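Descriptive structure summary
Next come the chains, spelled out residue by residue.
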Amino acid sequence: EKAGFDHFMLKEIHEQPKAYRDTMLGRIADDGLSVNLKELSMLDDYIRSISKVHIVACGTAYHAGLVGKSVIESLARIPVETDVASEYRYRSPIITPDTLVIVVSQSGETADTLAALREARRNGAKVLAITNVVGSSVAREADDVLVTWAGPEIAVASTKAYSSQLIAFYLLGLNLARVLGTQEQQTVKELIAALHQLPEQVESILTQSAVLKQVAESMANHRSLFFIGRGVDYAVAQEGSLKLKEISYIHSEAYAAGELKHGTLALIEDGVPVIALVTQEGLYEKTLSNIKEVKARGAHVLAVTNAGFEHEVAQSVDEVFSIPKTLPLLTPALSVVPLQLLSYYASLALGHDVDKPRNLAKSVTVE
Ligand code: F6R
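Residues numbered from 1 in each chain as written. Predicted model: local features only at pLDDT ≥ 70, side-chain atom pairs only at ≥ 80, totals over all residues. Heavy atoms only, no water.

Once that is clear, we can look at the packing of aromatic side chains. Within this structure, the stated rule accounts for two aromatic pairs. Measuring from centroid to centroid gives 5.1 Å for Tyr344 and Tyr345, while their planes differ by 75°, and the two rings are edge-to-face. Here the basic side chain of Arg358 rests over the ring of Tyr249, its NZ or CZ set 3.9 Å away from the ring centre. (Phe/Tyr/Trp six-rings, centres within 6.5 Å; stacked < 30°, edge-to-face > 60°. Lys NZ or Arg CZ within 6 Å of the ring centre and 35° of its normal.)

Spelled out as structure tokens, the structure:
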């Protein structure tokens, strides 16, 4: 049932190209010029009336929601807030009938996420669920459902469900943009062409996993490490850090690269591993200067960057892993893959139960 892989997690990491293709299937016009999510019941008039979006989820799904915020704001130009579900309900959020609430849940059974959905509906908002389980509670109670076709996820650490949630957000952003007319046809065409390339690009990353195994084995000797990035790279950094903690039990922290010097830089000392995401073209120079700050204090830096930029980055870091070239908004769907593999190999090196980490359950049905 593990199809020749040692663990479900590794199998699921390798299923991502298929999960991306299946999640896009039938949702993009054949001419590659538009996305039309025909399964949604929301009418164009309703979409035009949306004044703000709240994205609510837990854990890894919350991290997908952080990327979702950037995607919807940049493609549809609607203001978005992303909240952890267990916080959302208790901060008396301002939910109005023109708020679209998007809940994200792989299982569709997470108690806090379900409670947030109910709270949103009670306040007259429409709820769109992004879920991987068709008949789940979240799917049944939402007004609309966008299914991620990642297939069953068995490993406790979420991989293909997270990355398929990103694909769902790209499709949703493009669907909203079509109705609202917020993007030029050329931009949409380029985004769709780049989306179609993602599955093969993930495949090419997977062929380079030996390098990551080596890096992970050296990381496994450390007690603590950092992930840094800016913009969507920061969102992916948070997911990389959670994944590592969850299955390797190595402490790590994700930091907005520019925020380090406001306190946390004090923790950087000789040999501390720092994983820096450097994929956002407009922010290259800024992140590189943050990398120099940690290097100057002795950090050992692995940079995840775009093909074509790796030689420049290599001058400032110890190791470079490059991901294939894509558009800046789409890099999370690629850059998360090396981070998944790093945590997998770190967990393996430390002899932990990769698929069933201590203290954790696959589906959290208590609040
Ligand atoms: C981490 C992980 C958890 C879940 C979270 C939400 O790898 O799997 O953080 O993402 O418990 O679960 P769902 O998406 O089922 O609501």
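Quick look at the site of the ligand now. In the vicinity of the ligand there are 13 residues, among which Ser105, Gln106, Ser107, Thr110 and Glu246 approach most closely. Interatomic distance of 3.2 Å between a backbone N/O atom of Val156 and an oxygen atom of the ligand. Between Lys243 and the ligand, the recorded distance is 2.9 Å, taken from a side-chain N or O atom to an oxygen atom. When the ligand is considered free in solution it has 410 Å² of accessible area, and contact with the protein chains removes 89% of it. Among the elements of the structure, helix 4 (59-76) and helix 11 (232-248) are those that each provide at least two residues to the shell around the ligand. Top contributing element to the shell around the ligand by residue count: helix 4, with three residues. Its residues assigned to classes, the shell around the ligand shows four nonpolar, seven polar and two charged. (Near = heavy atom within 4 Å. Polar contact = N/O pair within 3.5 Å; in protein donor to acceptor, adjacent residues only side chain to side chain. Areas by Shrake-Rupley, 256 points an atom, 1.4 Å probe, with all protein chains shown as cover. Helix = DSSP H or I, 4+ residues; strand = E, 2+ residues; numbered from the N terminus. Nonpolar A, V, L, I, M, F, W, Y, C, P; charged D, E, K, R; others polar.)

What follows covers the pairing of strand 3 (residues 99-105). For strand 3, the tally of buried residues reaches seven of seven residues, placing the bulk of the element in the interior. Every second residue of strand 3 is oriented toward a common face, with Thr99, Val101, Val103 and Ser105 on one face and Leu100, Ile102 and Val104 on the other, all of them buried. Pairing geometry for strand 1 (residues 52-57) and strand 3, over six bridges, is parallel. Each bridged residue has a counterpart across the sheet, and for Ala57 the counterpart in strand 3 is Val104. Of the strand pairs in this sheet, strand 3 and strand 4 (residues 126-131) are connected by six bridges, and their pairing is parallel. When the sheet's bridge partners are listed, Leu100 is paired in strand 4 with Lys126. With helix 6 (residues 111-122) bridging strand 3 and its parallel neighbour strand 4, the resulting β-α-β unit is right-handed. (Buried < 20%, exposed > 50% of the residue type's maximum accessible area, 1.4 Å probe, protein only. Pairing = 2+ DSSP bridges. Right-handed = clockwise from strand over helix to strand, strands pointing away.)

Now for the sheet that holds strand 10 (residues 319-323). Across the sheet, five strands lie side by side as 7-6-8-9-10; this open sheet has parallel pairing. At either margin of the open sheet sits one strand with a lone partner, and together these are strand 7 (251-256) and strand 10. In this sheet, neighbouring strand axes are inclined to one another by 20° on average, regardless of whether the strands run parallel or antiparallel. Bridge count between strand 6 (residues 224-229) and strand 8 (residues 273-278): three bridges; the pairing is parallel. Across the sheet, Phe226 pairs through a bridge with Val274, a residue of strand 8. (Axes fitted to C-alpha atoms, helices over the stretch in contact; angles between N-to-C directions.)

Turning our attention to the pairing of strand 7. The pairing of strand 6 with strand 7 spans six bridges and is parallel. Residue pairing in the sheet places Ser224 in a bridge with His251 of strand 7. Handedness of the crossover joining strand 6 and strand 7 through helix 11 is recorded here as right-handed.

The subject of this paragraph is the nonpolar core. Ranked by size, the top nonpolar core spans 90 residues in total, and within it Val53, Ile72, Ile102, Tyr170, Leu172, Leu195 and Leu342 carry the most contacts. In terms of residue count, the dominant contributor to this core is helix 8 (residues 160-180) (12 residues). Apart from the residues lying within four places of it in its own chain, the contact partners of Val53 are Ile72, Ile78, Pro79, Val80, Glu81, Leu100 and Ile102. (Core = buried A, V, L, I, M, F, W, Y, C linked by side-chain atoms within 4.5 Å. Contact = heavy atoms within 4.5 Å.)

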